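# Close look at the chain arrangement
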Amino acid sequence: MTMQKLRPPPVSLLDRYSGTGFAPVYATRVTVRGGETGHGRASGVARSDDGVLQVDLRLPPALGGPGGGTNPEQLFAAAYGACFHGALQLLATRNGIALPSCSVEVAVRLGRDPVDGHHALQADVTVRLPGLQQRVAEELVRATERVCPYAKMVRQGIEGTVRVVVTEEAGDAAN
């Protein structure tokens, strides 16, 4: 098996789309099962449809768990940070700006929501751009906020559905 050299995606991903409906360019599926406790958050396993992602989920000590695995907030922070960093790099490349040591930190908090009494998330992004002028850095980050799908989701919400499927036997759930 030969290893393919890793490369960033093409800057053409930044090209504007002018269609009339949502046009997927990538899709994935991750299934979470409950594990030992039957509770996805407490002892679950998250596995992608291609098998590349397989993560043990555990409650962090702050929520009464033992830790020892990741949790949805960490996964969301990682996904948001990776997407933002990628969009930032694409915009910088398109504008001829080198970002050799930039970093994106995403802090996610799970808390009680005073609106409905249940739970909500808050996320803060810190972008470190050593060596750039403040004005250039701010313009680049503001442009990234407009093109990063995670930043858009945090700002505008996300379209989606929740579907219920009832099967005859418990074994059907593995399919």
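That block above? That's the structure.
Residues numbered from 1 in each chain as written. Predicted model: local features only at pLDDT ≥ 70, side-chain atom pairs only at ≥ 80, totals over all residues. Heavy atoms only, no water.

## Concerning the overall build of the chain
Helix and strand counts for the chain stand at four helices and five strands. With the C-alpha coordinates of the chain rotated into their principal frame, the extents come out at 55 × 40 × 40 Å. Looking at the chain as a whole, 23% of its 175 residues are labelled buried. Look at the contacts in the chain between residues 6 or more apart in sequence, and 38% of them connect residues 24 or more apart. Accessible area for the chain stands at about 13,300 Å²; split by element, carbon and sulfur atoms hold 54% of it. Between the averaged position of the 18 positive side-chain charges in the chain and that of its 17 negative side-chain charges there is a distance of 8 Å. (Helix = DSSP H or I, 4+ residues; strand = E, 2+ residues; numbered from the N terminus. Buried < 20%, exposed > 50% of the residue type's maximum accessible area, 1.4 Å probe, protein only. Contact = heavy atoms within 4.5 Å. Areas by Shrake-Rupley, 256 points an atom, 1.4 Å probe, with all protein chains shown as cover. Lys, Arg positive; Asp, Glu negative; His and termini not counted. Charge placed at Lys NZ, Arg CZ, Asp CG, Glu CD.)

## A word on the pairing of strand β2 (residues 45-48)
Here β2 shows one buried face, formed by Ala46 and Ser48, and one open face, formed by Val45 and Arg47. Judged from the four bridges that link them, strand β1 (residues 30-33) and β2 form a sheet pairing that is antiparallel. Across the sheet, residue Val32 finds its bridge partner in β2, namely Ala46. Connecting β2 to the next strand, strand β3 (residues 54-56), in antiparallel fashion are five residues, including Gly51 with a positive phi near 80°. (Pairing = 2+ DSSP bridges.)

## Notes on the sheet that holds β1
To summarise the sheet geometry, strands pair through backbone hydrogen bonds and adopt either a parallel or an antiparallel arrangement. Across the sheet, three strands lie side by side as β1-β2-β3; this open sheet has antiparallel pairing. At either end of the open sheet lies a strand with only one pairing partner, and these are β1 and β3. Averaged over neighbouring strand pairs, the angle between their axes works out to 15° when direction is ignored. (Axes fitted to C-alpha atoms, helices over the stretch in contact; angles between N-to-C directions.)

## Some words on the pattern of salt bridges
Evaluated as defined, the whole model comprises five salt bridges. Among the ionic pairs, Arg109 bridges to Asp124, the shortest N-O distance being 2.7 Å. Taken together, the residues span a long stretch of sequence, with Arg109 in strand β4 (residues 103-112) and Asp124 in strand β5 (residues 119-128) at a distance of 15 residues. On the basis of relative accessible area, Asp124 is assigned to the partly exposed category, the value being 39%. Between Arg142 and Glu145 there is a salt bridge, with the nearest N and O atoms lying 2.8 Å from each other. Of this pair, Arg142 and Glu145 are both found in helix α3 (residues 134-147), three residues apart, which corresponds to roughly one turn of the helix. A relative accessible area of 29% means that Glu145 is categorised as partly exposed. (Salt bridge = Lys/Arg side-chain N within 4 Å of Asp/Glu carboxyl O.)

## Here we look at the nonpolar core
The tendency in soluble globular proteins is for nonpolar side chains to be buried side by side. With 21 residues, the main nonpolar core has Tyr80, Phe84, Leu88, Leu99, Leu129 and Leu140 as its most contacted residues. Put simply, the parts of the chain that give this core at least two residues each are α2 (72-94), β4 and α3. The greatest single-element share of this core, amounting to nine residues, is contributed by α2. Not counting chain neighbours up to four residues away, the residues in contact with Phe84 comprise Val104, Val125, Val127, Val141, Thr144, Glu145, Cys148 and Ala151. (Core = buried A, V, L, I, M, F, W, Y, C linked by side-chain atoms within 4.5 Å.)

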